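Structural description and commentary
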Amino acid sequence: MSMIADFYGGKSILITGATGFLGKVLMEKLFRTSPDLRVIYILVRPKAGQTLQQRVFQILNSKLFEKVKEVCPNVHEKIRAISADLNQNDFAISMQDMQELLSYTDIIFHCAATVRFDDHLRHAVQLNVTATQQLLLMASQMPNLKAFIHISTAFSNCNLKHIDEVIYPCPVEPKKIIDSMEWLDDAIIDEITPKLIGDRPNTYTYTKALGEMVVQQESGKLNLAIIRPSIVGATWQEPFPGWVDNVNGPTGLIVAAGKGFLRSIRATPMAVADLIPADIVVNLTLAVGWYTAVHRPKSTLIYHCTSGNLNPCNWGKMGIQVLATFEKIPLERAFRRPKADFTTNNVTTQYWNAVSHRAPAIIYDFYLRLTGRKPRMTKLMNRLLRTLSMLEYFINRSWEWSTYNTEMLMSKLSPEDQRVFNFDVRQLNWLEYIENYVLGVKKYLLKEDMAGIPEAKQHLKRLRNIHYLFNTALFLIAWRLLIARSQVARNVWFFIVSFCYKFLSYFRASSTLKV
Ligand SMILES: CCCCCCCCCCCCCCCCCCCCCCCCCCCC(=O)SCCNC(=O)CCNC(=O)[C@H](O)C(C)(C)COP(=O)(O)OP(=O)(O)OC[C@H]1O[C@@H](n2cnc3c(N)ncnc32)[C@H](O)[C@@H]1OP(=O)(O)O
Ligand SMILES: NC(=O)C1=CN([C@@H]2O[C@H](COP(=O)(O)OP(=O)(O)OC[C@H]3O[C@@H](n4cnc5c(N)ncnc54)[C@H](OP(=O)(O)O)[C@@H]3O)[C@@H](O)[C@H]2O)C=CC1
């Protein structure tokens with residue numbers, strides 16, 4: 001019997017960010033392992049012309065929830081979508097809904113955030129700091145609340161090299177930042193942003209650090225815990241391997257490499273690739289929820305959900321495995337063959353960006369124009385290069401995260417809970433995981449049919465022939481131009497031709513003699 005699964009039985013659970021990547025995996029696992037839970041409240045905003053109900057319907061009818069429907073056939077009744085916008089005062093929740101939330105909620109999992117690296121500081125503060133503060137205020141009015149679990153990121157202190165499971169204060173108090181966002185105009189905020197974020201690379205990591213400070217400062221009588229995952233990737237095992245449905249982090253680069261857009265990347269092959277599968281993050285989150293509620297630690301514990309210190313893998317190995325998998329299982333309609341290299345300095349990066357990214361895009365757009373179609377490749381390539389420049393910070397450095405609390409928790413679980421809520425990253429085989437990740441990107445994100453693999457392979461063969469043809473033609477043109485202009489090149493050319501002629505004559509003569 002799983003104590004953790006049993007604990008969530010009959011409980012009312014509030015999840016923010018349930019429509020996001022991690023939130024969906026969290027909901028799925030909760031329904032699958034504790035089908036007798038009372039209700040999951042999710043705070044959802046209408047989006048992209050869809051109502052709340054349509055959004056929930058779409059999630060529950062996705063492949064991810066197929067197993068849930070077998071163990072919890074009435075899952076539709078157990079999920080209660082509440083209209084809310086975390087950017088608004090009181091989250092724009094109706095009085096009636098608010099009353100219900102305050103009266104019944106037992107556990108809160110706060111996953112919602114803006115994860116964009118380039119978000120305007122005002123917006124990032126609103127969602128990652130102010131909304132967290134408001135949710136804590138709500139939590140403090142919930143008589144039945146047993147635990148509040150805040151999802152942060154292992155990179156909230158990425159300005160440090162060694163990071164412990166403690167909160168590192170930022171120089172300016174979150175309250176002062178929140179206040180100033182109310183009266184400063186955008187231009188001034190733009191000006192002070194670099195000074196505020198200091199040696200962090202973006203507004204995302206900075207505001208997540210402020211969010212943690214808010215959790216610590218507003219804790220009051222609440223039972224709190226913070227989870228810091230590193231780079232969350234596709235699922236490892238549950239509900240099935242390789243599930244992923246957005247392009248954040250490595251996923252977007254895997255797509256770009258598989259489609260042949262990404263040909264070189266500025267990365268340090270030996271740097272630790274601190275990836276962590278989504279299901280491991282979710283298993284730890286649920287175990288932390290149980291531990292915080294039942295054992296009520298005296299202070300707010302922070303749990304690092306990282307892989308680097310327990311089962312390290314580097315970007316070089318991962319890149320090679322991604323490309324090896326595309327040999328076996330290529331993506332459909334690739335722009336070029338999947339082939340990419342790491343560059344390590346500015347000069348080679350600029351060179352390969354020009355030769356391998358910009359030039360092919362310009363040539364392809366020229367071809368599109370010639371055939372009466374709208375050019376689009378240059379724009380797409382510029383976006384990819386912008387994304388690469390944003391991710392560069394994270395793939396050229398290594399960090400050390402201590403995992404004392406995470407390992408302590410693992411030791412407190414029963415053997416059954418260690419199996420059902422497995423977050424032991426040491427058991428993960430990276431090569432197998434990456435292969436399933438790539439496969440998952442193809443199947444679940446791009447929704448490509450496996451039956452199309454032979455055609456995709458044929459397409460890659462055609463691209464290879466075009467590549468050889470193009471390179472031969474380019475060489476001949478360059479050589480012809482050189483011969484026309486340089487006496488040295490002409491002499492070399494005559495030497496090669498006469499050498500070949502003599503060799504052939506000798507070969508013919510010797511074979512005639514043998515006969
Ligand atoms: C020696 C060996 C040699 C072997 C060679 C091997 C070579 C490599 C092979 C390649 C295989 C690659 C496998 C490994 C690669 C490793 C790289 C992994 C890097 C991961 C670093 C992540 C660090 C995360 C640290 C923090 C973790 C967190 O806490 S938060 C979660 C992470 N958050 C994000 O990832 C958000 C990032 N995204 C953004 O901030 C924004 O989207 C943007 C600023 C990047 C772009 O904004 P913009 O407004 O321009 O565009 P947007 O509207 O958002 O999207 C435009 C199009 O771009 C696509 N897109 C978006 N994000 C990504 C992405 N991450 N990668 C690729 N593409 C992306 C998006 O879908 C849009 O496309 P369209 O819909 O088609 O328009
Ligand atoms: N993915 C990763 O690599 C990592 C993520 N994390 C953390 O994990 C958590 C979840 O991340 P992830 O699932 O990847 O992120 P997603 O971007 O996939 O999900 C974000 C969620 O927040 C919701 N949200 C955003 N703005 C609002 C708003 N104004 N009102 C209501 N809801 C809103 C989104 O709703 P909607 O669907 O309406 O947009 C969505 O459900 C975050 O706290 C993130 O910082 C930490 C480390 C790594």
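One structure accompanies this document, and this report is about it.

Criteria and thresholds
Residues numbered from 1 in each chain as written. Chains lettered and ligands numbered in written order. Predicted model: local features only at pLDDT ≥ 70, side-chain atom pairs only at ≥ 80, totals over all residues. Heavy atoms only, no water. Helix = DSSP H or I, 4+ residues; strand = E, 2+ residues; numbered from the N terminus. Near = heavy atom within 4 Å. Polar contact = N/O pair within 3.5 Å; in protein donor to acceptor, adjacent residues only side chain to side chain. Nonpolar A, V, L, I, M, F, W, Y, C, P; charged D, E, K, R; others polar. Areas by Shrake-Rupley, 256 points an atom, 1.4 Å probe, with all protein chains shown as cover. Buried < 20%, exposed > 50% of the residue type's maximum accessible area, 1.4 Å probe, protein only. Core = buried A, V, L, I, M, F, W, Y, C linked by side-chain atoms within 4.5 Å.

Focus on unusual backbone geometry
A cis geometry characterises the amide bond from E238 onward to P239, with omega recorded as -5 degrees. Mapped onto the elements, P239 comes out in the loop between β8 (231–233) and α11 (250–258). If you check the backbone angles, D90 has positive phi at about 50 degrees while not being a glycine. Examined against the element boundaries, D90 turns out to sit in the loop between β3 (79–83) and α6 (95–104).

Digging into the site of ligand 2
With respect to spatial proximity, 27 residues lie near ligand 2, and among them T19, K47, R55, Y204 and K208 are the closest. Here R45 contributes a side-chain N or O atom positioned 2.8 Å from an oxygen atom of ligand 2. Between N87 and ligand 2, the recorded distance is 3.3 Å, taken from a side-chain N or O atom to a nitrogen atom. Sorting the residues of the shell around ligand 2 by element identifies α2 (21–33), α10 (203–217) and β8 as the ones contributing at least two each. Of the residues that constitute the shell around ligand 2, the class distribution is 14 nonpolar, 8 polar and 5 charged.

Here we look at the site of ligand 1
Near ligand 1 lie 33 residues; those nearest to it are R116, F117, Y204, G249 and R383. For ligand 1, an oxygen atom lies 2.9 Å from a polar atom in the side chain of T153. R383 is positioned such that a nitrogen or oxygen atom in its side chain is 2.5 Å from an oxygen atom of ligand 1. When ligand 1 is considered free in solution it has 1,600 Å² of accessible area, and contact with the protein chains removes 79% of it. Of all elements in the fold, only α11, α13 (315–328), β12 (341–343) and α15 (377–395) reach the threshold of two or more residues within the shell around ligand 1. For the shell around ligand 1, the element with the most residues is α15, which contributes 7 residues. Taken together, the residues of the shell around ligand 1 break down into 21 nonpolar, 7 polar and 5 charged.

Some points on the pairing of strand β11 (residues 301–305)
If a strand is regular, its side chains alternate between the two faces of the sheet. By the criterion of burial, β11 is predominantly enclosed, with 5 of the 5 residues buried. Because side chains alternate across β11, one face comprises the buried residues L301, Y303 and C305, and the other comprises I302 and H304, equally buried.

A closer look at the nonpolar core
Residues I15, M27, F31, I42, F109 and L409 are the most contacted members of the largest nonpolar core, which totals 110 residues. In terms of residue count, the dominant contributor to this core is helix α12 (residues 278–295) (11 residues).

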